Amino acid sequence: MSDRYCIRGCTARDSHLAACERSGNDYDGPNPCRGCAPVDAREGVLLCERCYRTLRRHLEDAADVVGHLRSIADPTKAAAYDRIRVQSSSIEIPAPVAADLIDASNDITTTMNMWANHVAGEDRPGAGLAAGAMADAAHDVVRLAADVILDDLDHLANDSHQIEALCEGVMVVNGAAPDVWTVADAAVRWPLEDSPRWAQAACPECDLMAVRVQPGRSGRPSRYRCTTSECDWEANSQDDGGLWAAVFAEPAPPEVRPHDPSLLTLVAAARLVHREPGTVRGWVKAGDLEVHLGRYREADVLATAARKRGEAA
Ligand SMILES: [Zn+2]
Ligand SMILES: [Zn+2]
Ligand SMILES: [Zn+2]
């Protein structure tokens, strides 16, 4: 077990330090504590599991976000970038301004290149993005930087001098018009959406059927994220030994059954018992014969016909 806590000061919901005075049955004041016990850091790094996964997700998304921004900024330069679709933006978000798009894509590229330089042992400013950069070229530049940073993520995330700055630059959401755009800022304002589906299994943390599954983009692992506001659990298909890939696997398609000769068409059923098709359909209407996806079971047809003969006799 780790004996270190998340360096970003995360606290566990409904879990309190012994000294907490704003929780428990004795407290009936106006400002109850929602949790003050610090969250353990993930093994080997200084971030909790949640912060680590969020940071990783934004790093993985950085290239797609920049490509996305460039393709909205100048659709004529979108080129191969139509694989990213725009989610209908919510009503309170102002229409994208080209200047914001250019600022955001440039800021993210600069940040990512700066960190990639740092990982490579060169502390110099990162190159930005030319205002006329093509979406797919911009994507490739950021992808290269992201791969370098992700390769070194566990090392960076275990370095108290680096990790807070990396989080600041990548995963912190500053709000509407940030001075420097983070990947997270851009993802809030211009979301990427890869037609995620609802998972068929409950969230392991809040137990609600609220997990969205996002298939892996550009060679990245698939992701699972809880959508309830109280719980922001997330994992990818490689976390925890691949456990979640199994839990949230696409349900198997309905089994295609081989042709079953005992299932007859209406005409074949009628022929079998020497009746008119209309008569057999009448049996179904009267509830005397069961139909299975438009077919009739041979034994049922014979039994019903025999019963009818008995009734008529
Ligand atoms: Zn507390
Ligand atoms: Zn944390
Ligand atoms: Zn949840």
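Our structure's up above, just so we're on the same page.
Parameters at a glance
- Residues numbered from 1 in each chain as written.
- Chains lettered and ligands numbered in written order.
- Predicted model: local features only at pLDDT ≥ 70, side-chain atom pairs only at ≥ 80, totals over all residues.
- Pairing = 2+ DSSP bridges.
- Helix = DSSP H or I, 4+ residues; strand = E, 2+ residues; numbered from the N terminus.
- Buried ≥ 20, exposed ≤ 12 C-beta atoms within 10 Å, placed from the backbone.
- Arc of directions from axis to C-beta.
- Contact = placed C-beta atoms within 7 Å.

> Explanation requested: the pairing of strand β4 (residues 211-214) in the structure shown.
Within a regular strand, the side chains alternate between the two sheet faces. Note: strand β3 (residues 197-198) against β4, two bridges, orientation antiparallel. When the bridges of β4 are listed, Trp198 appears paired with Arg212. For β4 and strand β5 (residues 223-226), the ladder comprises four bridges, and the chain directions are antiparallel. Within the sheet, the bridge partner assigned to Gln214 lies in β5 and is Arg223.

> Sorry if this is basic, but what is going on with the sheet that holds β5 here?
Working definition: the strands of a sheet are paired by backbone hydrogen bonds and lie parallel or antiparallel to each other. An order of β3-β4-β5-β6 is seen for the four strands of this open sheet, with the pairing classed as antiparallel. Only two strands of the sheet have a single partner each, and these edge strands are β3 and β6 (234-236). Across three bridges, the pairing between β5 and β6 is antiparallel. Looking across to β6, one finds that Tyr224 is bridged to Ala235.

> Which parts of the structure should I look at to understand helix α5 (residues 163-170)?
Structurally, the α-helix is built with 3.6 residues per turn, so residues lying three or four positions apart point the same way. Among the residues making up α5, those that are buried are Ile163, Leu166, Cys167, Gly169 and Val170. Down the axis of α5, the buried set is contained in an arc of 165°. They therefore lie on one face. On its buried face, α5 is in contact with α1 (49-73), α2 (98-119), α4 (153-156) and α6 (183-189).

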